[in-house]
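Now for the letters of each chain:
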Amino acid sequence: MFGVIQFPGSCDERDALLACRRVGEARLVWHQDTDLGDVDVVVVPGGFSYGDYLRAGALARFSPAMEAVAEHAAAGKPVLGICNGFQVLCEAGLLPGALLPNESLRFVCRQVELVVESSETPFTQGCRPGQRLSIPVKHESGRYYAPAEQLDELEARGGVVLRYGAGQNPNGSAREIAAVVNEGGNVMGLMPHPEHAVDPLTESTDGLRIFASLAAPAARSASATLSG
Amino acid sequence: MKAKVLIRPKRGILDPQGKAIERALPTLGFDGVSNVRVGRLVELEADDPDRLSELCEKLLTNPLIEDYEIELD
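Residues numbered from 1 in each chain as written. Chains lettered and ligands numbered in written order. Predicted model: local features only at pLDDT ≥ 70, side-chain atom pairs only at ≥ 80, totals over all residues.

Asker: Requested: an account of the overall build of chain A, with residues and values cited.
Answerer: Scanning chain A for helices and strands turns up six helices and eleven strands. Against the compact-globule benchmark of 17 Å for 228 residues, chain A has a radius of gyration of 16 Å, which places it among compact chains. Considered along the principal axes of its C-alpha atoms, chain A spans approximately 40 × 40 × 40 Å. Taking all 228 residues of chain A together, 54% fall into the buried category. (Helix = DSSP H or I, 4+ residues; strand = E, 2+ residues; numbered from the N terminus. Rg over C-alpha atoms; globule rule 2.2 N^0.38 Å. Buried ≥ 20, exposed ≤ 12 C-beta atoms within 10 Å, placed from the backbone.)

As structure tokens, then:
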């Protein structure tokens, strides 16, 4: 069961829910719920949780559901943060780094090409390393930042999962980073929106690979092994 | 007690707002202004000012990207 968290100000939770339902069962989780119950994959969706006040994601991390998400992550179960969800997971300390305002100071909304750096995660196990995915971005604060030594450490442990293709970096992210995974390998955040690339109507269905990877039995058993 | 918290982007982090302002200044006739950095100011009243640092580190700032100063009135 996929559980998509719904904060005040979320706006992509329905698309995420529909994307998850293409590959499995899914339901919404209200931000005040403290029990994830039957959920085995958490999706923290995009949007403008709490109006993006203070800093994007800064207030959402204190919502009751996020405590349950932190426990879920600590148990080794998969958590996927998309766009604002990525910002929330960084603010919550579940992922390294931070997302800063785009270098251009403009809201960017366009299709970008991503390169799969690692298929050794539950989120990308249905992809090949080096594979290119066409997925849209739409954000104003998506510039991935971490101090140089933290970036080196991240790269050394294979924590960069997706990079923007050559000349495609839409926001000035350090080292063209589009997606990172935590040390446990079970929490991933990405700025692009895979849930907006699941139907031929919008041309690319590459985003579906992320959801299909999570729905595959190996993703569940990997998390079961991790959670011991 | 009244307090002001000054928050600014850490040195070395590109501040595109500051850059945009800097670029706009000469066209308005303000020459010789450089190193513009934009932060924010939070004014608040706290019963226990000793806890302000903790508040800053947990919520008001992201210590990875921002520095802060607390000014008590």
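Asker: Could you give an account of the nonpolar core, with specific residues and numbers?
Answerer: Soluble globular proteins tend to bury their nonpolar side chains together. Ranked by internal contacts, the top residues of the largest apolar core, which has 68 residues, are Val43, Val69, Val79 and Leu89 of chain A. The residues touching Val79 of chain A, leaving out its near neighbours within four places in the chain, are Val42, Val44, Val69, His72, Ala73, Leu89, Leu94, Asn186 and Val187 of chain A. (Core = buried A, V, L, I, M, F, W, Y, C linked by C-beta atoms within 7 Å. Contact = placed C-beta atoms within 7 Å.)

Asker: Help me get a handle on the confidence of the model for chain B, residues and values and all.
Answerer: Averaged over chain B, the pLDDT score is 95; the fraction of residues at 70 or greater is 100%. On the interface metric, ipTM, the complex scores 0.87, and its pTM is 0.93. (pLDDT = per-residue confidence, 0-100.)

Asker: Describe the pairing of strand E2 (residues 40-45) of chain B, with residues and values.
Answerer: Residue and element names in this part refer to chain B. The buried fraction of E2 amounts to zero of the six residues, a small share that puts the element mostly on the outside. Note: strand E1 (residues 2-9) against E2, six bridges, orientation antiparallel. Each residue of the ladder has a partner; that of Lys4, found in E2, is Glu43. (Pairing = 2+ DSSP bridges.)

Asker: How would you explain the interface of chain B and chain A if you had to name every residue and give the values?
Answerer: Taken residue by residue, the interface counts nine residues in chain B and nine residues in chain A. Counted by class, the side of chain B that touches chain A contains seven nonpolar, two polar and no charged residues. (Nonpolar A, V, L, I, M, F, W, Y, C, P; charged D, E, K, R; others polar.)

Asker: So what's going on with the sheet that holds strand E4 (residues 79-82) of chain A? Which residues, and what values?
Answerer: Residues and elements named next belong to chain A. The mixed open sheet is built from nine strands, whose spatial order is E2-E1-E3-E4-E11-E10-E9-E6-E7. Of all strands in the sheet, those with a lone pairing partner are strand E2 (26-30) and strand E7 (132-139), marking the two edges. Direction aside, neighbouring strands of the sheet carry axes that sit 25° apart on average. The pairing of strand E10 (residues 177-181) with strand E11 (residues 187-190) spans three bridges and is antiparallel. The partner of Val180 across the bridge, within E11, is Gly189. (Axes fitted to C-alpha atoms, helices over the stretch in contact; angles between N-to-C directions.)

Asker: Describe the sheet that holds strand E3 (residues 66-72) of chain B, listing the residues and the values that go with them.
Answerer: Residues and elements named next belong to chain B. Taken in spatial order, the three strands line up as E2-E1-E3 in an open sheet, and their pairing is antiparallel. The open sheet has two edge strands, E2 and E3, and neither has a second partner. Averaged over neighbouring strand pairs, the angle between their axes works out to 20° when direction is ignored. Judged from the seven bridges that link them, E1 and E3 form a sheet pairing that is antiparallel. Looking at E3, one finds that Arg8 is bridged to Asp67. Against the sheet, helix H2 (residues 52-60) touches E1, E2 and E3, its axis set at about 145° to E3.

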